[in-house]
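Examining the three-dimensional arrangement
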Amino acid sequence: MICIPIAEATHQEALQAIERCAQTVDAVELRMDVIADGDLAELISAGRRASSRMKIIVTCRRKEESLMAPTGNQANRKKEISKAAKMKLLRQAVVLGADFIDIELAAGEKAIREIQSFRRKQKSLTRMIVSWHDISKTPSLAKLKEVFQACVKTGADLVKIVPYARKTSDNLKVLGLITYAKEQGRDIIAMCMGEEGKISRAMALPWGSALGFAVLPGGKKSAPGQLTVSAMMEFRRQLRSNQHSVQPWFLPPGAPNFVLLGNPVRQSLSPLMHNKALEAMQIDGHYSAFCVGDLAAAMAGIRGMNIRGASVTIPFKKAVMDYLDEIDADAVALGAVNTVVNDRGRLAGYNTDWLGLMQALKNKMSIAGKTFVIIGAGGTARAAAYGIKKESGRPIIVNRTPEKGRALAARFHCPFYPLADIGKIKAHCLINTTSVGMYPQIHRSPVAAEILANYPIVVDVIYNPSKTKLLRDAEAKGCKIVSGLEMFVYQGAAQLKLWTGREAPLQLMKKTVRERLEKLES
Ligand code: ATR
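The text that follows walks through the structure, step by step, so that each part is easy to find.

Criteria and cut-off values
- Residues numbered from 1 in each chain as written.
- Predicted model: local features only at pLDDT ≥ 70, side-chain atom pairs only at ≥ 80, totals over all residues.
- Heavy atoms only, no water.
- Helix = DSSP H or I, 4+ residues; strand = E, 2+ residues; numbered from the N terminus.
- Buried < 20%, exposed > 50% of the residue type's maximum accessible area, 1.4 Å probe, protein only.
- Contact = heavy atoms within 4.5 Å.
- Areas by Shrake-Rupley, 256 points an atom, 1.4 Å probe, with all protein chains shown as cover.
- Pairing = 2+ DSSP bridges.
- Axes fitted to C-alpha atoms, helices over the stretch in contact; angles between N-to-C directions.
- Near = heavy atom within 4 Å.
- Polar contact = N/O pair within 3.5 Å; in protein donor to acceptor, adjacent residues only side chain to side chain.
- Nonpolar A, V, L, I, M, F, W, Y, C, P; charged D, E, K, R; others polar.
- 1 Å grid on protein atoms, 1.4 Å probe; cavity = no way out; pocket = protein on both sides within 12 Å on 5 of 7 lines; lining within 4 Å.
- Points joined across faces, edges and corners; volume = space filled by probe spheres on them.
- Phe/Tyr/Trp six-rings, centres within 6.5 Å; stacked < 30°, edge-to-face > 60°.
- Core = buried A, V, L, I, M, F, W, Y, C linked by side-chain atoms within 4.5 Å.
- Parallel < 35°, antiparallel > 145°, perpendicular 65-115°, else oblique.
- Left-handed = near helix turned anticlockwise from the far one by under 90°.

Moving on, we come to the overall build of the protein chain. In terms of helices and strands, the protein chain carries 17 helices and 21 strands. Summarising its shape, the C-alpha atoms of the protein chain cover approximately 90 × 45 × 45 Å along the three principal directions. Here the protein chain holds 522 residues, and the buried ones make up 54% of them. Taking the contacts inside the protein chain whose residues are at least 6 apart along the sequence as the reference set, 70% of them involve residues at least 24 apart. Counting only carbon and sulfur atoms, one obtains 52% of the accessible surface of the protein chain, whose full area is about 22600 Å².

So this is what it looks like as structure tokens:
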């Protein structure tokens, strides 16, 4: 839904603006702190006359939370109205049947409670937006989340959070907040003010904000950085048609940024590992995780916000391939992309999962001519078989469901055994690609400990816990072991190399992830 703020200097101009909006937009916000001689009853009925479907929001913003440039001469500029008068106005909006009233969190608990009980007494259908604005900066995402929770606590129907963007990366915090609210099952209106915040204004709607604010051409901006309705619609059109040519202000020269796209992403250690690495590499960029509902919008965001790189995880590794301009041959062969590189709007996809596994194996053994039993027949098993074949090793597929195992084995022209028959085979290395043994099922193993004596080396792709039951059993049988942690770090280092062209600080990344896992396990 696109909303136009009605922030004209006079009642008459406000009426005209409402008329002009009605056929184009979904909602208007009456800025009663700005419309000098605004008659609320008349403005609301003008809105209803102009369009029966257009929602009407009534607000009376505090000076401290508004960046509205003063208009008109000193004489006709509106003076800030008292708190009591504001409350009266909001009550009046309830009585007049506005669709929403917007009250600031700063109005205080008592005032918000008062409005709540007034609405109840009136049996009103008017819903309450509790809003928060910072007109000078964007605080950390953690702080924004706190503010969000404080707004939710008031009983708000809808939360609105609008900080001021000083730099491009501030937009990411606000988009992160939208993701957070969505994860909590809450609707939110969020974007950044300011020139640097234009990106978030364009992105907020496709990212999941309940409302996007724009202005009509020639209309009065109520906050800097607002886009015209047509610019916002054009941007949305471009998102849909997936074109690469974007308006120049979507390509800021600022710091490179990196994201993880997945669903869920909460447990991921990628942000911790990559941010530590970026810091050590002295790269002025940040890596953020986004729990993505709409992959198309997220991919448009990568292009639109000129995000340098993305990691892609479950469940998007295959689907993401539809949004790329080119895909590396290994990723095509694997049918999965876990890394996206954005070269000035051109998106290329790679797969570093198999590279991570190969690197971890190569640290322990040579691959050519050796046999590898791979347990599982999903994407990870496919990556393992692909890498081993490429390095002239000999994979053997073992799987619980024979049809799936056989199909994978046929694809790589290698033998297949049902999981129940694993005791019948021997190889140089055993690789578990199933999720058996992953936290919280830490006491489970995909195979009986006795069969592990058949393998000098045992690998588990699971990294949480860092030493699975399979690896503990293997160690007890005297096998060399490779943890999923190694592979996780190597695949991350390969991503950083693709994004930055530089070698990543492997040891630091390993240490960082290991320490976090130890903390989680203790
Ligand atoms: P990924 O893409 O990460 O490899 P996946 O496609 O879900 O994940 O594949 C998981 C593999 O683990 C599957 O081959 C699955 O076996 P089935 O083909 O029989 O479903 C295997 N797997 C999962 N849970 C298992 C279990 N409890 N015992 C044995 N194999 C299991």
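What follows picks up the thread again.
This brings us to the sheet that holds strand S18 (residues 416–418). To summarise the sheet geometry, strands pair through backbone hydrogen bonds and adopt either a parallel or an antiparallel arrangement. Strands sit in the order S18-S17-S16-S19-S20-S21 across an open sheet of 6 strands; the sheet is parallel. The open sheet has two free edges, formed respectively by S18 and strand S21 (480–482), since each of these has just one partner strand. Each strand axis lies, on average, 20° off the axis of its neighbour in the sheet, ignoring direction. As judged from the 5 bridges shared by strand S16 (residues 371–375) and strand S17 (residues 394–399), these two strands associate in the parallel manner. Its bridge partner lying in S17, Thr371 is registered against Arg394.

The subject of this paragraph is the site of the ligand. Every one of the 13 residues lining the ligand counts as a neighbour, but Ala377, Gly379, Asn399, Arg400 and Thr401 are closest to it. Thr401 is positioned with one of its side-chain polar atoms (N or O) 2.4 Å from an oxygen atom of the ligand. Bound to the protein, the ligand loses 69% of the 640 Å² it would expose on its own. When the residues that make up the shell around the ligand are grouped by side-chain class, the tally is 3 nonpolar, 7 polar and 3 charged.

Attention shifts here to empty space enclosed by the protein. Across all of its chains, the model carries 3 cavities of 30 Å³ or more by this definition. Size it by volume and the largest cavity reaches roughly 130 Å³. Considering the residues around the largest cavity, the lining is formed by 16 residues, among which Arg31, His133, Lys160, Ser222 and Ala223 are closest to the centre. Residue assignment for the lining of the largest cavity shows that the elements contributing at least two residues are strand S2 (27–31) and strand S6 (158–163). Classifying every residue of the lining of the largest cavity by side-chain character gives 6 nonpolar, 4 polar and 6 charged.

Right, let's get into the layout of surface pockets. To find leftover empty space, a probe the size of one water molecule is rolled over the atoms. The calculated volume of the second largest pocket comes to roughly 740 Å³. Considering the residues around the second largest pocket, the lining is formed by 27 residues, among which Leu141, His286, Tyr287, Ser288 and Ala289 are closest to the centre. For the lining of the second largest pocket, the secondary-structure elements that each account for two or more residues are helix H5 (141–153), helix H6 (168–183) and strand S11 (287–291). Per-element tally for the lining of the second largest pocket: the top contributor is H6, with 8 residues.

For the rest of this paragraph, the subject is the sheet that holds S11. The 6 strands lie next to each other as S11-S10-S12-S14-S15-S13, forming an open sheet whose pairing is mixed. The open sheet has two edge strands, S11 and strand S13 (326–327), and neither has a second partner. In the sheet, strand S10 (residues 258–262) pairs with S11 via 5 bridges, with the strands oriented parallel. Paired with Phe258 across the two strands is Tyr287, which belongs to S11. Here helix H9 (residues 270–280) sits on the sheet and contacts S10, S11 and strand S12 (309–312); the angle it forms with S11, its principal contact strand, is near 160°.

A few words on the packing of aromatic side chains. This model, assessed by the stated rule, comprises 6 aromatic pairs. Ring centres of Trp207 and Phe290 lie 5.0 Å apart, and the angle between their planes is 80°; on these two criteria the pair is classed as edge-to-face. Of this pair, Trp207 sits in helix H7 (residues 198–207) while Phe290 sits in strand S11, and the two are 83 residues apart along the sequence. You'll find Trp207 and Phe290 in the same group, each marked buried. Their ring planes at 25° and their centres at 4.3 Å tell us that Tyr463 and Phe488 sit as a pair that is stacked. In this pair, Tyr463 sits in the loop between strand S20 (457–460) and helix H15 (469–476) while Phe488 sits in helix H16 (residues 484–500), placing the two residues 25 residues apart along the sequence.

Here we take up the nonpolar core. Where a protein is soluble and globular, its nonpolar side chains tend to be buried together. Among the nonpolar cores identified, the biggest contains 100 residues, and Ile6, Leu30 and Val58 are the most heavily contacted of them. At 7 residues, the largest contribution of residues to this core is made by H6. One finds Trp354, Leu361, Phe416 and Met487 within the second-largest nonpolar core, a separate group that totals 31 residues.

Residue placement: Thr512 occurs in helix H17 (residues 506–521). With relative accessibility at 11%, the residue Thr512 sits in the buried group. If we ignore the near neighbours within four places in the chain, the residues touching Thr512 are Leu272 and Lys276.

Residue Pro264 is reached from Asn263 by a cis peptide bond, and omega for that bond is 5°. Of note, the amide linkage connecting Ile314 to Pro315 takes the cis form, showing an omega dihedral of 5°. Looking at the element boundaries, Pro315 is found in the loop between S12 and S13. Notably, Gln282 is not glycine yet its phi reads approximately 55°, a positive angle. Structurally, the position occupied by Gln282 is in the loop between H9 and S11. Here His413, not a glycine, exhibits a phi torsion of approximately 50°, which is positive. Along the chain, the position of His413 falls in the loop between helix H14 (402–411) and S18. For His413, a relative accessible area of 70% puts it in the exposed group.

The next thing to look at is the packing of helix H12 (residues 353–362) against H16. Contact geometry of H12 with H16 gives a least axis separation of 7 Å together with a crossing angle of 125°. Looking at the two axes, H12 sits oblique to H16. Handedness of the H12/H16 crossing: right-handed. On the side of H12, the interface is formed by Asp353, Leu355, Gly356, Leu357, Gln359 and Ala360, while H16 contributes Glu486, Met487, Tyr490, Gln491 and Ala494. Classifying every residue of the contact of H12 with H16 by side-chain character gives 6 nonpolar, 3 polar and 2 charged.

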